[in-house]
Amino acid sequence: MVSASQVADFIALVAPGFIAVEVFRSAYPVKTRSDKSDLYLYVVYSLVCASILSLLSQRSSILLLGLKVPSRGTTFYPFVLLVVGWLVGQGCVIYCWSRHRLSKACRHLSWLRPDPQNTWNRINSDFDNQWAYVFLKDGSVYLGYIRFWNFDPDSQAQDFFLGSARRVDESIDVRGRKSSEWKERYLIGTGVYINTSEVSRIELHASFE
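These numbers come from a predicted model, not from an experiment. (Residues numbered from 1 in each chain as written. Predicted model: local features only at pLDDT ≥ 70, side-chain atom pairs only at ≥ 80, totals over all residues. Heavy atoms only, no water.)

## Comments concerning the overall build of the chain
Thought 1: Across its full length, the chain holds four helices and eight strands.
Thought 2: Looking at the chain alone, contacts between residues at least 24 apart form 60% of all its contacts between residues at least 6 apart.
Thought 3: When the accessible surface of the chain is summed, it comes to about 14100 Å², and 57% of that surface belongs to carbon and sulfur atoms. (Helix = DSSP H or I, 4+ residues; strand = E, 2+ residues; numbered from the N terminus. Contact = heavy atoms within 4.5 Å. Areas by Shrake-Rupley, 256 points an atom, 1.4 Å probe, with all protein chains shown as cover.)

Below you can see the structure in the form of structure tokens.
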């Protein structure tokens, strides 16, 4: 029969890593993996968390909320270990965010860029305040800028919100030919929600003059 201490040891071996990985994935989602792969990853991160806490507990000069960092086997050790898991997850988020910002700010540091996973994520991460002409499969065209966007690695279709949006049509000249200019059909008050499954193409522009 499994004892309470064995259950506690199992939780301590998995829970900190689970927290660390899920905190990171909440900011940088990845494609769903097998439960077995995730379990291995949780264990690895839990060991990292335990190693960090063990290192801190050996330094009597380091305090946590006015108390010394608890060592393994003490009452507060599991709770502090979970906090360490959350901090490790946040540290991974800050690490990837810093890499992205540095690679974006300096071309020579482009090799620091985290894997964007797909073109949709790369475009929305790299281009800020770009105006977009969104061509839908039903023939309608919208102009605006992508204010909010979603990235789900497990889904082929993504959704986004077009801010400062307006419905536009191609201009027709006096000879009945389409020109390169667009005319506004009507202004949309707040914006328009669009799913990429309804889109045939998107054109990005620095302005819409």
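Structure's up, so let's keep going.
## Some words on helix H2 (residues 35–57)
Thought 1: Compared with the 33 Å implied by 1.5 Å per residue over 23 residues, the 32 Å span of H2 between its first and last C-alpha is a close match.
Thought 2: Residues Asp38, Tyr42, Ser46, Cys49 and Leu53 constitute the buried set of H2. (Expected span 1.5 Å × (residues − 1). Buried < 20%, exposed > 50% of the residue type's maximum accessible area, 1.4 Å probe, protein only.)

## Things to note about the environment of glutamate 184
Thought 1: Relative to the assigned elements, glutamate 184 resides in strand S6 (residues 178–187).
Thought 2: The spatial distance from the C-alpha of glutamate 184 to the C-alpha of valine 168 is 4.5 Å, given a sequence separation of 16 residues.
Thought 3: Excluding its chain neighbours within four sequence positions, the residues that come into contact with glutamate 184 are Arg166, Arg167 and Val168.

## A word on the nonpolar core
Thought 1: Val134, Phe160, Leu162, Val192 and Ile194 are the most contacted members of the largest nonpolar core, which totals 14 residues.
Thought 2: Sorting the residues of this core by element identifies strand S3 (131–136), strand S4 (141–149), strand S5 (159–172) and strand S7 (191–195) as the ones contributing at least two each.
Thought 3: Cys49, Leu53, Val84 and Val88 belong to the second-largest nonpolar core, a separate cluster that totals nine residues. (Core = buried A, V, L, I, M, F, W, Y, C linked by side-chain atoms within 4.5 Å.)

## A closer look at the side chain of aspartate 38
Thought 1: Note that aspartate 38 resides in helix H2.
Thought 2: Take aspartate 38: its relative accessible area is 11%, and that puts it in the buried class.

## With respect to the packing of aromatic side chains
Thought 1: If you walk through the whole model with that rule in mind, you get seven aromatic pairs.
Thought 2: Here the aromatic residues Tyr133, Phe135 and Trp182 are joined through ring pairs into a cluster of three or more.
Thought 3: Over the ring of tyrosine 142 we find arginine 167; its NZ or CZ atom is 5.8 Å from the centre of that ring. (Phe/Tyr/Trp six-rings, centres within 6.5 Å; stacked < 30°, edge-to-face > 60°. Lys NZ or Arg CZ within 6 Å of the ring centre and 35° of its normal.)

## Some remarks on the environment of valine 23
Thought 1: Tracing the backbone through its elements, the reader meets valine 23 in helix H1 (residues 4–27).
Thought 2: Along the primary structure valine 23 and cysteine 92 are separated by 69 residues, whereas in three dimensions their C-alpha atoms are 8.8 Å apart.
Thought 3: Ignoring any residue separated from it by four or fewer positions in sequence, one finds valine 23 in contact with Trp86, Gly89, Gln90 and Val93.

## Regarding the confidence of the model for the chain
Thought 1: On average, residues of the chain score 81 in pLDDT, and 82% of them reach the 70 mark or higher.
Thought 2: Within the chain, strand S1 (residues 63–64) has the poorest average pLDDT of any element, 50, and S7 the best, 93.
Thought 3: Note that pLDDT drops below 50 for residues 173–177; the model gives that stretch two contacts with residues more than four away or on any other chain. (pLDDT = per-residue confidence, 0-100.)

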